[in-house]
Amino acid sequence: MNEMTAAFYTTIENVMDRDKRTVVLLGVSGVGICVDLAPRFPGRFIDAGIMEQAIIGIASGMSAAGLIPIVYGQSTFMIERAYEQLKVDFGYQKLGGNFVVYGGSTEFGTLGATHCCPAALSVLSVIPGMEIVVPGRPDEFSSLFNETYDNGNPTVYRTSLFCNSYHEPVAFGKANVVKRGSKATVLAVGPMLELAMRALQDEDVTILYYTTVSPFDAGTLRENFVNGRLLLMEPAYQGGILPQVTKALQGEKVKMDFVGYPHEFITNHGYVVENAPMYGMTAGAVNEKYKELIR
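Definitions and limits used
- Residues numbered from 1 in each chain as written.
- Predicted model: local features only at pLDDT ≥ 70, side-chain atom pairs only at ≥ 80, totals over all residues.
- Heavy atoms only, no water.
- Helix = DSSP H or I, 4+ residues; strand = E, 2+ residues; numbered from the N terminus.
- Contact = heavy atoms within 4.5 Å.
- Core = buried A, V, L, I, M, F, W, Y, C linked by side-chain atoms within 4.5 Å.
- Buried < 20%, exposed > 50% of the residue type's maximum accessible area, 1.4 Å probe, protein only.
- 1 Å grid on protein atoms, 1.4 Å probe; cavity = no way out; pocket = protein on both sides within 12 Å on 5 of 7 lines; lining within 4 Å.
- Points joined across faces, edges and corners; volume = space filled by probe spheres on them.
- Nonpolar A, V, L, I, M, F, W, Y, C, P; charged D, E, K, R; others polar.

Caption draft 1: Layout of the side chain of N176. Counting through the fold element by element, N176 comes out in strand β7 (residues 176-179). With residues up to four places along the chain from it excluded, the contact list for N176 reads E168, P169, V170, I207, L208 and Y209.

Caption draft 2: How the structure looks around the nonpolar core. Core analysis: the biggest nonpolar cluster contains 53 residues, and F45, L200 and M233 have the highest contact counts within it. Apart from the residues within four sequence positions on either side, M233 is in contact with V186, L187, A188, V189, M192, L195, A196, V259 and V286. Formed by 43 residues, the second largest nonpolar core is a distinct cluster that contains I56, V101, A218 and L221.

Caption draft 3: Layout of the layout of surface pockets. The space that makes up the largest pocket amounts to roughly 480 Å³. For the lining of the largest pocket, the secondary structure elements donating two or more residues are α7 (192-200) and α10 (272-275). By residue number, the principal contributor to the lining of the largest pocket is α7, which donates four residues. Class assignment of the residues belonging to the lining of the largest pocket gives a composition of 12 nonpolar, six polar and four charged.

Caption draft 4: Main features of the environment of E3. Mapped onto the fold, E3 is located in helix α1 (residues 3-18). Between the C-alpha atoms of E3 and L161, which are 158 residues apart in sequence, the distance is 7.3 Å. With near-sequence residues (within four places) excluded, E3 lies in contact with P138 and C163.

Here you go:
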């Protein structure tokens, strides 16, 4: 069990203890992480297997009946396979629900393009009312989930195998100013903060940390946008949250570059760390991109 999965386990255990409205739907056949929790909460755990579209529909019915569904499953299947259900059953119906996904972008790259989901931030951002949370650490997932799980809105939590070593106290809908400088602003989403700090901690740069990308904290970006330069770092397709960024900086003259996955199918079947150099996701590559940006 990785750190984020462990945080999910302990977090939902505590939430279910105190809130009898919560129910967990597991979108993975034979999942074992909650096997010992199910007997403690009879009737509140459903392992529905590989029927993600139906799971979202079931969860919407539970939400309409006054329950608080917590859906857990693999990113590419919960987001892209069940996209219409997220859009219509939750977005259009304005129902509250929680969708905790794992295996984002290329974390399951060894299984091929069908198991990769670098489009998550892009596609979720166009569902009106959809909240998108991208924690970079297990403790951030726990605090953000506890803050939002019962707010009446549909919320996707993108967990990750890779965690930041930098501890930041985070709040839903609010970005953190991690570092201040004068030559450029770097916007790092979730687990990209680790790479941003490794590459740029000795540079004269402002680094903003976003664990919520929808609703987007436009004010913090506007207040900390320096020297007309912006480096947007996302653990997803490049520019996935560009509409929110450009709206926030409307009227500004911006020179921009991106760190993230190119808009193409992931066909090199390997681990994230193996493929990082190919996609420019190393400290050296990011530092070079930053220096080119400020010229």
